[in-house]
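Coordinates in review
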Amino acid sequence: MLRNLMNGHHGPHCAVCFRKAKPTAWAPHTAEAERNLSVVARHNAQSGQNTVLIFNSELSQAQLMRLHVRNLQLSRSYTIFRIRSPKTPRELLLRHILLSSGSYRQMSGVTRVFAGLRRFLKMRYLILTGAVGGGVAANQKFEDLKQYLPELGWLKDMLPESDTLQQASDSLRKLVSSAQEKFPEKGWLKRGVTNFNEWLDAAGTGVAGALAQDADMTLGFTAPEVGVAAKASAAEQMTEKRKPADDKNRLQETQDEMMQIQMRYQKEIERLEKDNRELRKQLILKEQRTGKRRIMKKSLIDMYSEVLEELAHFDSSYNTQDNLPRVVVIGDQSSGKTSVLEMIAQARIFPRGSGEMMTRSPVMVTLSEGPYHIASFRDSSREFDLTKESDLAALRREVEIRMKASVQEGQTVSSECISMSVKGPGLQRMVLVDLPGIISTVTNLMAPDTKDAIRKMCSTYMENPNAIILCIQDGSLDAERSNVTDLVSHMDPSGKRTIFVLTKVDLAESNLYNPDRIKQTLEGQLFPMKALGYFAVVTGKGNTNDSISTIKDYEDQFFRNSRLFKDGVLKPSQMTTQNLSMAVSGTFWKMVRESVEQQADAFKATRFNLETEWKNTFPHIRELDREELFEKARGEILDEIINLSQVTPKQWEEAFNKKLWERSATHVIENIYLPAAQAQNSGTFNTTVDIKLKQWADVQLPKKCVEVGWDTLHEEFTKLLLKNKKQKSEEDAIFDKLKMSVIETCKTKHQWESKAEDSLRVIQLNILEDRSVSDKAQWDSAIKFMEEILRERLKQTEEQLQEMTGPGMWDQWARWKYSTDDHRDRYAVKQELETMLVSSPQHKLHLGADELTAARKNLQNKGYDVDEDYIRETWYYVFRQNFFKRALQQAQQCKKGFYYYQRGFQDTGLDCHDVVLFWRLQRMLNVTSNALRQQVVNNEARRLDRIIKEVLEDMGDDKYQLKKVLTGRRVELAEELKKVRQIQEKLEEFIQALNKEK
């Protein structure tokens, strides 16, 4: 209040302050009084005016004006006066120095106006300007920062509905309240353990010692069970005077209560897992409704499984071993190893059998946690719902089919690994490999080497120094019948990576109950092997159709009522597949963290070696793996198909004409021309030719033409693919085997159009029936064609006779060649037959019996003893030589016979009907070649194009086929480099994710 007075702000309440300060104000003037009070106010109730008393004589006129300016804000008027001396009586001062407010305002009016205006401008505008400028700057800064903030709108779509969250929150609150009710009061553990230890000391029995050991083991793994045991002990208030029989009963009751509490907590966990599954399901369904899905990162176990998949197909000449951890499930046949794996996976996923071998190849199962219980194969997109029995049956069939397909003919087992992924809520993350069971006897239905093959396969997987060996032993059989323990102890003598599992404990208890022997087994004292841990499990009750939930309930019930547990043989941490699964998963990830970086370093060194070899061996060639090389070759082949359309019609027709005559020449000469030439007149000649040509055109010729068209098309395509082969570089030479494979495959798949033969038959029959030669040019063309054919055939015949009769005189002297006895015999027979033809130029096609006998006798007289077949064989070529010579002479005579042909050769003695025959043949070849060319261009080339693309597509999908057609060190080295890089990248990605999780 005094501060307000000092600042000139006075009001009706200032009188209170004045009365409080009055004794001090009118006291003798001291320094303290001046400090405490310089301005006071007094209220005059009668006049309604406020009067200000100034007790400081040092105030200036300006200070007085400022005080009065401040008073302008008040609703009442004030009077200001100065006390010149504090010693002056109050009445005197009030009477003589009182100033009116009106006179003062007249004196300082202008001053007050300017002072107020200055203060207003100074305070208000500065504040207003600063506020506006600061707001603008803050808005700009916020807009600048806004672009760097992440977009969080997707959270609204990803999060469940508010009702779902509220239900989950209510469920958690109920769980907490129920747990608080179930837990004992504060301090129960200390009191319970104290009373429990006192009771154990008083009991002094072996049972107490076993229970103490069990309590110590339990403190390390299952604290809730120990707490309940201690609570039970404290509640019972055991004393030293209790009888041993009562102590035994209480001990059994305590154990029963421990098991019940454990089951209650297990059910609570299962209920929470069920709620979690429902929430995840609603989240996925919401994603499906909105269509928005957040890209989720791969889990660690999926990344690790991909690395193992890459390593499974990796084969290097540098022998970089795969030492990454995986859980190898090994045991004797029918020992329950597959059932153990199914219990860990919580689904019956493997084929079932009774007393026979069902696992015939390794099966790698990658377990991971997920919202739904599903299974899938690595090379398939199909997902099997493991909650449906139909999908389970389909999955088992698929596994069995894949196993049988992997086994080669004549073998019983296969080393080819089948990869499977199983996801589900509550599954422990790990990679397990189920191997065929070890057998001691080979039956007649198995391959002879089955026993050794299985042992070799198991040893290969266990040789990995980081592999975790899950040794399965049948508890219902005698330990002396075990085969797997010796093999495991040999591979892991120290037991640093072995976990021992005793199966079928229920049968062992009911049939062969020997607690000492079972205890020795689970403590590692019975078998000559060591292990990290020992577990006892129950994986079924004899019915293969039981579900996993039924088996789990049976297992829990058995261990709760088991004599082995009640007698202290089994420890809680050694029982149930749930504890086994957690222990195996923990060991697996510990081994992964310890070894994965070493494996990455090994592949880094391998990559360096391979890259060095490439630089030294192929310095100027780009590094291409098998797939990249195939794509390059595929492009070249498809380009050549386009070039096939660039072949001109003339080239096609010439190729068809040439090949068609090559295929038909022998038939035409031997079966048509020669027999018809034996006719005595032209009428018989023409009749014979017409008949034989029609028979040929009806049956053989169309089919032969289609074959010619098919062969010519593929020959042209082959020429385009393999052109300039000698000038190709090494890189192009790699594709030769691939291209030849494509060519051969296309030949087997390409079929000519079936209607082509019918259309060709009609065309050829019409052409061959026409015997008219319209002009001189056609006549000359026919003679030229006839002469070319006859000269070619004559040349072939003379070459064959030359080969039969041996070298002539010039060859013997100039080239030092000698004649054999056969050559001399052939030469003698030839001379004899030529003499016969000189005497009879128009001889028939075949020799008669008399002629053969006469020729043989003449030769015998000359000293050459030959048989009739020998003479006939020589006659074949001698007659044709003579015939082709006479036909050529006839063709020369007919060059100017077109005029006589138009007149019908009347009274000329000139016979040129064979020229007409060759004209008909020539025209048939030209027309057929044109028809084949049209079929190729319009239909067959396109069909071949489509077939080639299909062949290339199939070949690209067939990895084994690519390995056969693309070979060589260059290809293999590029493939190894690609694999090593992929493995190294996946390993580094996995290591980074693993370190982040740490």
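Since the model is a prediction, treat every value here as computed from it, not as a measurement.

With respect to the state of the cysteines
Counted according to the given criterion, the structure contains one disulfide. Each disulfide pairs two cysteine sulfurs, and for Cys894 the partner residue is Cys912, the sulfurs being separated by 1.9 Å. Negative torsions about the S-S bond denote left-handed disulfides, and the value of about -100° found for Cys894 with Cys912 makes this one left-handed. You can see Cys894 sitting in the loop between helix 35 (868-893) and helix 36 (898-902) and its partner Cys912 sitting in the loop between helix 36 and helix 37 (913-957), a full 18 residues away along the chain. Cys894 sits in the buried class, given a relative accessible area of 0%. By relative accessible area, which is 0% here, Cys912 ends up buried.

Let's talk about the sheet that holds strand 7 (residues 384-385)
Ordered in space as 7-6-8-5-9-4-10-11-12, the nine strands form an open sheet in which the pairing is mixed. Every interior strand has two partners, whereas the edge strands, strand 7 and strand 12 (533-536), have only one. Bridge count between strand 5 (residues 363-369) and strand 8 (residues 418-424): seven bridges; the pairing is parallel. Residue Leu367 lies in a different strand from strand 8, and its bridge partner there is Val422. Along the sheet, helix 18 (residues 484-491) makes contact with strand 4 (327-331), strand 10 (468-474) and strand 11 (498-503), crossing strand 10 at roughly 160°.

Brief notes about the packing of helix 33 (residues 821-839) against helix 35
Where helix 33 meets helix 35, the closest approach of the two axes is 9 Å, and the angle between their N-to-C directions is 55°. For the element pair helix 33 / helix 35, the angle class is oblique. Considering the relative orientation of helix 33 and helix 35, their crossing is right-handed. Across from Asp822, Asp825, Arg826, Val829, Lys830, Leu833, Glu834 and Leu837 in helix 33, the residues of helix 35 making contact are Tyr870, Ile871, Glu873, Thr874, Trp875, Val878, Phe879, Gln881 and Asn882.

Side note on the packing of aromatic side chains
One pass over the full model with this rule turns up 18 aromatic pairs. Taken together, a centroid distance of 5.9 Å and an interplanar angle of 65° make the contact between Phe883 and Phe884 edge-to-face. There is no split in this pair, since Phe883 and Phe884 are both buried. Ring pairs connect the aromatic residues Trp661, Tyr673, Phe785, Trp875, Phe879, Phe883, Phe884 and Phe918, which therefore count as one cluster. For the cation-ring pair, Arg402 lies above Phe377, with the distance from its terminal atom to the ring centre recorded as 4.1 Å. Its end group placed over the ring of Tyr876, Arg880 keeps NZ or CZ at 3.5 Å from the ring centre.

Describing the pairing of strand 5
Burial analysis of strand 5 places six of its seven residues in the buried class, which makes it a mostly covered element. Sheet analysis places strand 5 next to strand 9 (residues 430-434), joined by five bridges and oriented antiparallel. Pairing of Thr366 across the sheet is with Val431, part of strand 9.

What to know about the confidence of the model for the protein chain
Model confidence for the protein chain is summarised by a mean pLDDT of 76, while 70% of its residues fall at 70 or above. For residues 1-10, every residue scores under 50 in pLDDT, and the model assigns this stretch 26 contacts once sequence neighbours within four places are set aside. Contacts of residues 64-107 to residues separated by more than four positions or lying in other chains number 84 contacts, the stretch itself having pLDDT below 50.

Comments concerning the nonpolar core
Val422, Leu470 and Phe588 are the most contacted members of the largest nonpolar core, which has 106 residues in total. The element that contributes the greatest number of residues to this core is helix 23 (residues 577-617), accounting for eleven residues. Here Leu470 is in contact with Val327, Val328, Val329, Ile330, Val340, Ile499, Val501, Leu580 and Val584, once residues within four sequence places are set aside. Grouped together as the second largest cluster of nonpolar side chains are 103 residues, Leu765, Phe785, Met836 and Tyr901 included.

Parameters at a glance
- Residues numbered from 1 in each chain as written.
- Predicted model: local features only at pLDDT ≥ 70, side-chain atom pairs only at ≥ 80, totals over all residues.
- Heavy atoms only, no water.
- Disulfide = S-S within 2.5 Å.
- Helix = DSSP H or I, 4+ residues; strand = E, 2+ residues; numbered from the N terminus.
- Buried < 20%, exposed > 50% of the residue type's maximum accessible area, 1.4 Å probe, protein only.
- Pairing = 2+ DSSP bridges.
- Contact = heavy atoms within 4.5 Å.
- Axes fitted to C-alpha atoms, helices over the stretch in contact; angles between N-to-C directions.
- Parallel < 35°, antiparallel > 145°, perpendicular 65-115°, else oblique.
- Left-handed = near helix turned anticlockwise from the far one by under 90°.
- Phe/Tyr/Trp six-rings, centres within 6.5 Å; stacked < 30°, edge-to-face > 60°.
- Lys NZ or Arg CZ within 6 Å of the ring centre and 35° of its normal.
- pLDDT = per-residue confidence, 0-100.
- Core = buried A, V, L, I, M, F, W, Y, C linked by side-chain atoms within 4.5 Å.

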